[in-house]
Amino acid sequence: AGSGKFFVGGNWKCNGTKDSVSKLVSELNAATLETDVDVVVAPPFIYIDQVKNSLTDRIEISAQNVWIGKGGAYTGEISAEQLVDIGCQWVILGHSERRHIIGEDDEFIGKKAAYALSQNVKVIACIGELLEEREAGKTFDVCFKQMKAFADSISNWADVVIAYEPVWAIGTGKVATPEQAQEVHAAVRDWLKTNVSPDVASSVRIIYGGSVNSANCAELAKKEDIDGFLVGGASLKGPDFTTIINSVT
Ligand code: G3P
């Protein structure tokens, strides 16, 4: 850990029921969390209000997606204004599942980020390479291209956290080694220094996601440029997520 306050996000993805959400919220409410960590959970849209009304204010709430602009005749979408209305402070954008399964592209994601920020919704901006891209030696190219799309749309980085999530590590149990993650985090920070500003490079938090669990988080958290985690599967279990939050060094 290096830049800024340690940040741990739990991305619940498309999981849960009213009952399981209520159990997880109770576990998180009862947990003792280190004070020096920003904690955010991202329930499915449909449970955000339930979580907002039952979860301790100690933990902030994120959406997993948002519409690209002001609301209106966009069937099935949720606007940034609506997130603000229910007290949801964050949104995850550019997640690999939305890039590769739903087909969102760099430009669309960049515009979403700009609009969300304009409405004071903070952004967890995700980047990361596919296995074939890593094997072809293109990890940095892919991550920098995704970073450029964010940088083209974002002018104020104070409300942005970058999440490096190598696609081959997501939900696979195949976590990046601390060295592999550190290498990309350092490269992204260096890219920011050259392409955005030295200030942003040194202040923005770069968190790691991909098969983070209660057993591997401590080693990862020791690395200089790993400023926290974005956790999928393990964030659905209160005790495991608590261990990850408390891995702050
Ligand atoms: O956004 C978090 C994520 O994609 C990682 O998922 O299940 O590998 O921790 P998981």
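Let me begin by describing the structure that accompanies this report. (Residues numbered from 1 in each chain as written. Predicted model: local features only at pLDDT ≥ 70, side-chain atom pairs only at ≥ 80, totals over all residues. Heavy atoms only, no water.)

**What about the pairing of strand β2 (residues 37–42)?**
Now for step 1: Across the 6 residues that make up β2, a large majority, 5, are buried.
Now for step 2: Pairing of strand β1 (residues 6–11) with β2, which is carried by 6 bridges, proceeds in the parallel orientation. If you follow F7 over to β2, its bridge partner there is D38.
Now for step 3: For the crossover from β1 across helix α1 (residues 18–30) to β2, the handedness is right-handed.
Now for step 4: Looking at chain direction, β2 and strand β3 (residues 60–63) are connected through 2 bridges and run parallel. (Buried < 20%, exposed > 50% of the residue type's maximum accessible area, 1.4 Å probe, protein only. Helix = DSSP H or I, 4+ residues; strand = E, 2+ residues; numbered from the N terminus. Pairing = 2+ DSSP bridges. Right-handed = clockwise from strand over helix to strand, strands pointing away.)

**A word on empty space enclosed by the protein**
Now for step 1: By the definition in use, this model includes 1 cavity of 30 Å³ or more.
Now for step 2: The space that makes up the largest cavity amounts to roughly 40 Å³.
Now for step 3: G94, H95, S96, R99, H100, C126, I127, G128, E165, V167 and I170 are the residues that line the largest cavity.
Now for step 4: Contributions of two or more residues to the lining of the largest cavity are made by α4 (96–102) and β5 (122–127).
Now for step 5: Considering every element that reaches the lining of the largest cavity, the biggest residue donor is α4, with 3 residues.
Now for step 6: Taken together, the residues of the lining of the largest cavity break down into 4 nonpolar, 5 polar and 2 charged. (1 Å grid on protein atoms, 1.4 Å probe; cavity = no way out; pocket = protein on both sides within 12 Å on 5 of 7 lines; lining within 4 Å. Points joined across faces, edges and corners; volume = space filled by probe spheres on them. Nonpolar A, V, L, I, M, F, W, Y, C, P; charged D, E, K, R; others polar.)

**So, the packing of helix α7 (residues 139–153) against helix α8 (residues 178–195)**
Now for step 1: It is the contact of α7 with α8, at a shortest axis distance of 10 Å, that shows an interaxial angle of 45 degrees. Relative to α8, the element α7 is oriented oblique. Here α7 and α8 pass one another in a crossing that is right-handed. From α7, T139, F140, C143, F144, M147, K148 and A151 reach across to α8, where they touch E183, V184, A187, V188, W191 and L192.
Now for step 2: The residue inventory of the contact of α7 with α8, partitioned by class, reads 10 nonpolar, 1 polar and 2 charged. (Axes fitted to C-alpha atoms, helices over the stretch in contact; angles between N-to-C directions. Parallel < 35°, antiparallel > 145°, perpendicular 65-115°, else oblique. Left-handed = near helix turned anticlockwise from the far one by under 90°. Contact = heavy atoms within 4.5 Å.)

**With respect to the site of the ligand**
Now for step 1: Contacts to the ligand come from 13 residues, most closely from H95, G171, S211, G232 and G233.
Now for step 2: Within the side chain of H95, a nitrogen or oxygen atom sits 2.7 Å from an oxygen atom of the ligand.
Now for step 3: Across the complex, the protein chains shield 95% of the 310 Å² of accessible surface that the ligand would expose by itself.
Now for step 4: Placement of the ligand is best described as lying within the second largest pocket. (Near = heavy atom within 4 Å. Polar contact = N/O pair within 3.5 Å; in protein donor to acceptor, adjacent residues only side chain to side chain. Areas by Shrake-Rupley, 256 points an atom, 1.4 Å probe, with all protein chains shown as cover. Sits in = over half its atoms within 2 Å of the grid points.)

**Describing the sheet that holds β5**
Now for step 1: Sheet architecture is closed into a barrel: 8 strands sit in the order β1-β2-β3-β4-β5-β6-β7-β8, paired in parallel fashion. Taken over all neighbouring pairs, the strand axes of this sheet differ in orientation by 25 degrees on average, direction set aside.
Now for step 2: Taken strand by strand, helix α2 (residues 45–54) contacts β2 and β3, and its axis lies near 170 degrees from that of β3.

**Focus on helix α5 (residues 106–118)**
Now for step 1: End to end, α5 covers 18 Å across 13 residues, agreeing with the expected 18 Å (1.5 Å per residue, within 8%).
Now for step 2: Those residues of α5 not exposed but buried are D106, I109, G110, K112, A113, Y115, A116 and L117.
Now for step 3: Residues of α5 that are buried sit in contact with α3 (80–85), β4 (90–93), α4, β5, α7 and β6 (160–164). (Expected span 1.5 Å × (residues − 1).)

**A short note on the pattern of salt bridges**
Now for step 1: Tallied over the full model, the rule gives 16 salt bridges.
Now for step 2: Of the charged contacts, one joins E104 and K112 as a salt bridge, the two residues approaching to 2.9 Å between their closest N and O atoms.
Now for step 3: Looking at K112, the relative accessible area reads 1%, which means it is buried.
Now for step 4: Where K222 meets E219, a salt bridge forms, and the shortest distance between an N and an O atom there is 2.8 Å. (Salt bridge = Lys/Arg side-chain N within 4 Å of Asp/Glu carboxyl O.)

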